[in-house]
Amino acid sequence: MVDAAVLAKLEEGFAKLAASDSKSLLKKYLTKEVFDNLKNKVTPTFKSTLLDVIQSGLENHDSGVGIYAPDAESYTVFADLFDPIIEDYHGGFKKTDKHPASNFGDVKSFGNVDPTNEYVISTRVRCGRSMQGYPFNPCLTEAQYKEMEGKVSTTLSGLDGELKGKFYPLTGMEKGVQQQLIDDHFLFKEGDRFLQAANACRYWPSGRGIYHNDAKTFLVWCNEEDHLRIISMQQGGDLGQIYTRLVTAVNEIEKRVPFSHDDRLGFLTFCPTNLGTTIRASVHIKVPKLASNKAKLEEVAAKYNLQVRGTRGEHTEAEGGVYDISNKRRMGLTEYDAVKEMYDGITELIKLEKSL
């Protein structure tokens, strides 16, 4: 049973959200009927409530989405809310649909999106993974955070070749090392207000860490928003090289650490925008002519299911005309197809910029 204090908080938060001018997907799909149907439910293993799922969106009416999954079971128990939001965000992935089996495709088929180095400043491909047998952030104990960090650190120290590097725990990190990692744009800071409100930053910095290879083109975040964020990146537009490195790393890590996966939803993570392939392939790109007409840029991007963000990602502005553009759909298609959408879209944007 859900206790009275939680129910009172839910009722109050729901009333405020309903009266607000929030544009979040939470507000759009949390009807009175859905709310009443879910407010007394809890997940079997970790006893997560509807409040755990929606508290970030109740507190931040400017959220785009507004919900997180405190544990993997939430996707099933609170499906009446998750399913329509997933369908809306992922371009029509319906509750009767099933995410295809993982397929990275022919990694050599992607070339350089900008061989002359005129437009693309840097390229990055990342994916999120959760470790099997552990809940997501809001339900983790401090002991579990530490245990996971130990497993991740041991696993990554076994990587060799281009992926060989070093793991840096956040706990006890020297100031100099910390500053260097921040300057490299590698180090994540303590959670933003959306994550804070979702209870995703407890015991900070316990159990958190970052790994990077010697060339600083491959990194892994441990226990930021997701258990693992696996990232491959470098200057310029050589998507083929970057994607190949990511695929090699994911396959190597999975041999040692089993990932949380669902037959219908694909790879499971904390945020419903990041299910399925969990792949986000992005470029930092300068397209000044297109950017002078933001509506046109958005229109072309939307045609290829691309998302346009500011230079430093979500909720930021473009600095010096530099945009962060990435694939938006992560479900209902394979990893290869998700990256291909970005590849085709960016190629088209560059062609358009040249023609203006």
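Preceding block: the structure.
What counts and how
- Residues numbered from 1 in each chain as written.
- Predicted model: local features only at pLDDT ≥ 70, side-chain atom pairs only at ≥ 80, totals over all residues.
- Heavy atoms only, no water.
- Helix = DSSP H or I, 4+ residues; strand = E, 2+ residues; numbered from the N terminus.
- Contact = heavy atoms within 4.5 Å.
- Areas by Shrake-Rupley, 256 points an atom, 1.4 Å probe, with all protein chains shown as cover.
- Lys, Arg positive; Asp, Glu negative; His and termini not counted.
- Charge placed at Lys NZ, Arg CZ, Asp CG, Glu CD.
- Buried < 20%, exposed > 50% of the residue type's maximum accessible area, 1.4 Å probe, protein only.
- Polar contact = N/O pair within 3.5 Å; in protein donor to acceptor, adjacent residues only side chain to side chain.
- Pairing = 2+ DSSP bridges.
- Axes fitted to C-alpha atoms, helices over the stretch in contact; angles between N-to-C directions.
- Salt bridge = Lys/Arg side-chain N within 4 Å of Asp/Glu carboxyl O.
- Left-handed = near helix turned anticlockwise from the far one by under 90°.
- Nonpolar A, V, L, I, M, F, W, Y, C, P; charged D, E, K, R; others polar.
- Phe/Tyr/Trp six-rings, centres within 6.5 Å; stacked < 30°, edge-to-face > 60°.
- Lys NZ or Arg CZ within 6 Å of the ring centre and 35° of its normal.

## Topic: the overall build of the chain
Now for step 1: Broken down by element type, the chain carries 13 helices and 10 strands.
Now for step 2: Dimensions of the chain, computed from C-alpha atoms along their principal axes, come out at roughly 60 × 45 × 40 Å.
Now for step 3: Sequence separation of 24 or more characterises 72% of the internal contacts of the chain that already satisfy a separation of 6 or more.
Now for step 4: Split by element, the accessible area of the chain, about 15,500 Å² in all, is 50% carbon and sulfur.
Now for step 5: Side-chain charges in the chain split into 45 positive and 50 negative, and the spacing between the mean points of these groups amounts to 1 Å.

## What about the environment of N137?
Now for step 1: Within the element layout of this structure, N137 appears in the loop between β1 (120-129) and α7 (142-157).
Now for step 2: By relative accessible area, which is 1% here, N137 ends up buried.
Now for step 3: The spatial distance from the C-alpha of N137 to the C-alpha of H227 is 8.0 Å, given a sequence separation of 90 residues.
Now for step 4: Contacts of N137, omitting those with residues within four sequence positions, involve Y145, N199, A200, R202, E224 and E225.
Now for step 5: At 2.9 Å, the side chain of N137 and the backbone oxygen of E224 are in polar contact.
Now for step 6: A polar side-chain atom of N137 sits 3.0 Å from the main-chain carbonyl oxygen of E225.

## Considerations on the sheet that holds strand β3 (residues 209-213)
Now for step 1: Pairing is antiparallel across the open sheet formed by eight strands, whose spatial order is β2-β3-β4-β5-β1-β8-β10-β9. The sheet terminates laterally at β2 (165-169) and β9 (306-309), the two strands that pair on one side only. Shown here is a sheet whose adjacent strand axes are inclined to one another by a mean of 20°, direction ignored.
Now for step 2: Note: β1 against strand β5 (residues 228-235), eight bridges, orientation antiparallel. Bridge pairing in β5 links G128 to R229.

## As for the pairing of β3
Now for step 1: In terms of residue burial, β3 counts as a mostly covered element, since five of its five residues are buried.
Now for step 2: Every second residue of β3 is oriented toward a common face, with G209, Y211 and N213 on one face and I210 and H212 on the other, all of them buried.
Now for step 3: Where β2 lies against β3, five bridges are found, and the strand directions are antiparallel. Considered in β3, the bridge of K166 is made with H212.
Now for step 4: Looking at chain direction, β3 and strand β4 (residues 218-222) are connected through four bridges and run antiparallel. Across the sheet, the residue bridging to I210 is W221, located in β4.
Now for step 5: Count of turn residues in the β3/β4 antiparallel hairpin: four residues, of which K216 carries a positive phi of about 60°.

## Some remarks on the pattern of salt bridges
A side chain with one charge can pair with a side chain of the opposite charge if their charged atoms come near.
Now for step 1: Applying the stated rule across the entire model yields 19 salt bridges.
Now for step 2: Across the salt bridge formed by E225 and R229, the nearest N and O atoms sit 3.6 Å from each other.
Now for step 3: Each member of the salt-bridge network shares a partner with another, and the members are E11, K32, D36 and K39.

## Quick word on the packing of helix α1 (residues 4-19) against helix α4 (residues 50-59)
Now for step 1: For the pair α1 and α4, interaxial distance at closest approach is 10 Å and the crossing angle is 35°. Between α1 and α4 lies a crossing whose hand is left-handed. Between α1, through V6, K9, L10, G13, F14 and L17, and α4, the contact on the second element is made entirely by L50, L51, I54, G57 and L58.
Now for step 2: In the contact of α1 with α4, the residues fall into eight nonpolar, two polar and one charged.

## Section: the packing of aromatic side chains
Note on aromatic pairs: each is described by the distance of the centres and the angle between the planes.
Now for step 1: Considering all chains together, one arrives at 12 aromatic pairs under this definition.
Now for step 2: Seen from their ring centres, F188 and W204 are 5.8 Å apart, and the 80° between their planes marks the pair as edge-to-face. Of this pair, F188 sits in the loop between α8 (175-183) and α9 (193-197) while W204 sits in the loop between α9 and β3, placing them 16 residues apart in sequence.
Now for step 3: When the ring of Y211 is compared with that of F218, the centres are 6.1 Å apart and the planes differ by 70°; the resulting orientation is edge-to-face. Here Y211 and F218 have matching classes, each one buried.
Now for step 4: Seen from the ring of F267, R129 lies directly overhead, with NZ or CZ sitting 3.6 Å from the centre.
Now for step 5: Directly above the ring of Y89 sits K328, whose terminal nitrogen or CZ lies 4.9 Å from the centroid.

Honestly, that's just the spatial picture; any functional story needs more than this.
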